[in-house]
Amino acid sequence: SDVRVICIAPGYKKYDLFAVEKMGANIELWKYRRFENGMLYLETVNQTASSSSGGGKTPRTSKRGAGDGRASSYTLEQHLEGKPDEIRELVIELQQFILDMDSSIEEAPKKLYVSYRTSQNIVCVEIQKKKLNVFLKLQASDISEPRPSTYRDVTNIGHFGTGDAEFTVSSMEDIEIVTPFIQQSYDALGG
């Protein structure tokens, strides 16, 4: 009488989430991540009525962070709290560019950064008081010469977020510099 289906995959598209939500069945979506050391990480993507009392963490997966009925631990507004208006404007400008590239891109605020993703992270943004650190899933060889002064190769440097290319954004001019690289990161991931 209490049958449930559990699907485990490396990621889901928004259409998968929408379909499961509309079916109303007792279906749970979990995503996994396997690390080189053999560790396996599991994370719930949605919660069904019978599992909503569990302690699973459910990331927000809706576009632009709008409420969609699923709980989220962090919000974009929390990241913007206490930040100057100039930084807020930069975040909104960057957010609009990223989300306008493709309707399947989802905004997923995390504890220390905000990620934008389809099946994988495309862009991760650390919002600080004086600048944004934008991490892209690009390698140093993907950044054409002459490299922008706002770019840094963080391949061997510990950092939060996904990607080995870091761009510092502190002005609208920096947004213009980083947007072609964001598009390149999106295209490289099969966008």
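Notes on the structure follow. (Residues numbered from 1 in each chain as written. Predicted model: local features only at pLDDT ≥ 70, side-chain atom pairs only at ≥ 80, totals over all residues. Heavy atoms only, no water.)

A few words now on the overall build of the protein chain. From N to C terminus, the protein chain includes four helices and nine strands. In sequence order, the protein chain lays out its α and β elements as β-α-β-β-α-α-β-β-β-β-β-β-α. Relative to its 191 residues, the protein chain shows a buried fraction of 41%. Summarising the internal contacts of the protein chain: among those between residues at least 6 apart in sequence, 48% fall at separations of at least 24. (Helix = DSSP H or I, 4+ residues; strand = E, 2+ residues; numbered from the N terminus. Buried < 20%, exposed > 50% of the residue type's maximum accessible area, 1.4 Å probe, protein only. Contact = heavy atoms within 4.5 Å.)

Attention shifts here to the pairing of strand β6 (residues 121–127). Burial runs high along β6: seven of the seven residues are buried. Bridging between strand β5 (residues 114–117) and β6 involves four bridges; their strand directions are antiparallel. Pairing of Arg-117 across the sheet is with Asn-121, part of β6. Two strands pair when backbone bridges link them, and β6 and strand β7 (residues 132–136) are joined in this way by five bridges, in the antiparallel orientation. (Pairing = 2+ DSSP bridges.)

Right, let's get into the packing of helix α3 (residues 85–101) against helix α4 (residues 172–188). Interaxial distance between α3 and α4 falls to 11 Å at its minimum, and their mutual angle equals 25°. Judged by the angle between their axes, α3 and α4 are roughly parallel. Remark: the crossing between α3 and α4 carries right-handed chirality. Taking contact as the criterion, the partners of Glu-89, Leu-90, Glu-93, Leu-94, Phe-97, Ile-98 and Met-101 in α3 are, on α4, Met-172, Ile-175, Val-178, Thr-179, Ile-182, Gln-183 and Tyr-186. The class makeup of the residues in the contact of α3 with α4 is 10 nonpolar, two polar and two charged. (Axes fitted to C-alpha atoms, helices over the stretch in contact; angles between N-to-C directions. Parallel < 35°, antiparallel > 145°, perpendicular 65-115°, else oblique. Left-handed = near helix turned anticlockwise from the far one by under 90°. Nonpolar A, V, L, I, M, F, W, Y, C, P; charged D, E, K, R; others polar.)

With that settled, the discussion passes to the nonpolar core. With 31 residues, the main nonpolar core has Leu-94, Val-123, Ile-127, Leu-132, Val-134, Leu-136 and Phe-167 as its most contacted residues. Those elements giving two or more residues to this core turn out to be α2 (76–80), α3, β5, β6, β7, β9 (165–169) and α4. Beyond its immediate sequence surroundings of up to four residues, Phe-167 is in contact with Leu-132, Asn-133, Val-134, Leu-136, Ile-143, Pro-148, Thr-150, Tyr-151, Val-178 and Phe-181. With seven residues, the next largest nonpolar core counts Ala-9, Tyr-12, Leu-17 and Val-45 among its residues. (Core = buried A, V, L, I, M, F, W, Y, C linked by side-chain atoms within 4.5 Å.)

A word on the sheet that holds strand β3 (residues 40–44). Within the open sheet, the three strands sit side by side as β1-β2-β3. Their pairing is mixed. Each having just a single partner strand, β1 (5–9) and β3 make up the two edges of the open sheet. Each neighbouring strand pair of the sheet contributes to a mean axis angle of 30°, computed without reference to strand direction. Inspection of the sheet shows strand β2 (residues 27–34) paired to β3 by five bridges, in the antiparallel sense. Residue pairing in the sheet places Arg-33 in a bridge with Tyr-41 of β3.

Turning our attention to unusual backbone geometry. For the bond running from Glu-145 to Pro-146, omega is -10°, close enough to zero to count as cis. Mapped onto the elements of the fold, Pro-146 is located in the loop between β7 and β8 (151–153).

Glancing now at the sheet that holds β9. Taken together, six strands build an open sheet; the order of strands is β4-β5-β6-β7-β9-β8 and the sheet is antiparallel. In the strand order of this sheet, the two ends are held by β4 (106–109) and β8, each with one partner. Pairwise comparison of adjacent strand axes, ignoring direction, gives a mean angle of 25° for this sheet. In the sheet, β8 pairs with β9 via three bridges, with the strands oriented antiparallel. Bridging across to β9, Arg-152 finds its partner in Glu-166. Here α3 sits on the sheet and contacts β4, β5, β6, β7 and β9; the angle it forms with β7, its principal contact strand, is near 20°.

Moving on: the environment of Arg-117. Relative to the elements of secondary structure, Arg-117 occurs in strand β5. With a relative accessible area of 14%, Arg-117 lands in the buried category. Distance from Arg-117 to Ser-104, taken between C-alpha atoms, is 8.3 Å for residues 13 residues apart in sequence. Aside from chain neighbours lying at most four places away, what touches Arg-117 is Lys-31, Ser-104, Ile-105, Glu-106, Ala-108 and Ile-122. Reaching out from Arg-117, the side chain makes a polar contact with the side chain of Asn-121 at a distance of 3.0 Å. (Polar contact = N/O pair within 3.5 Å; in protein donor to acceptor, adjacent residues only side chain to side chain.)

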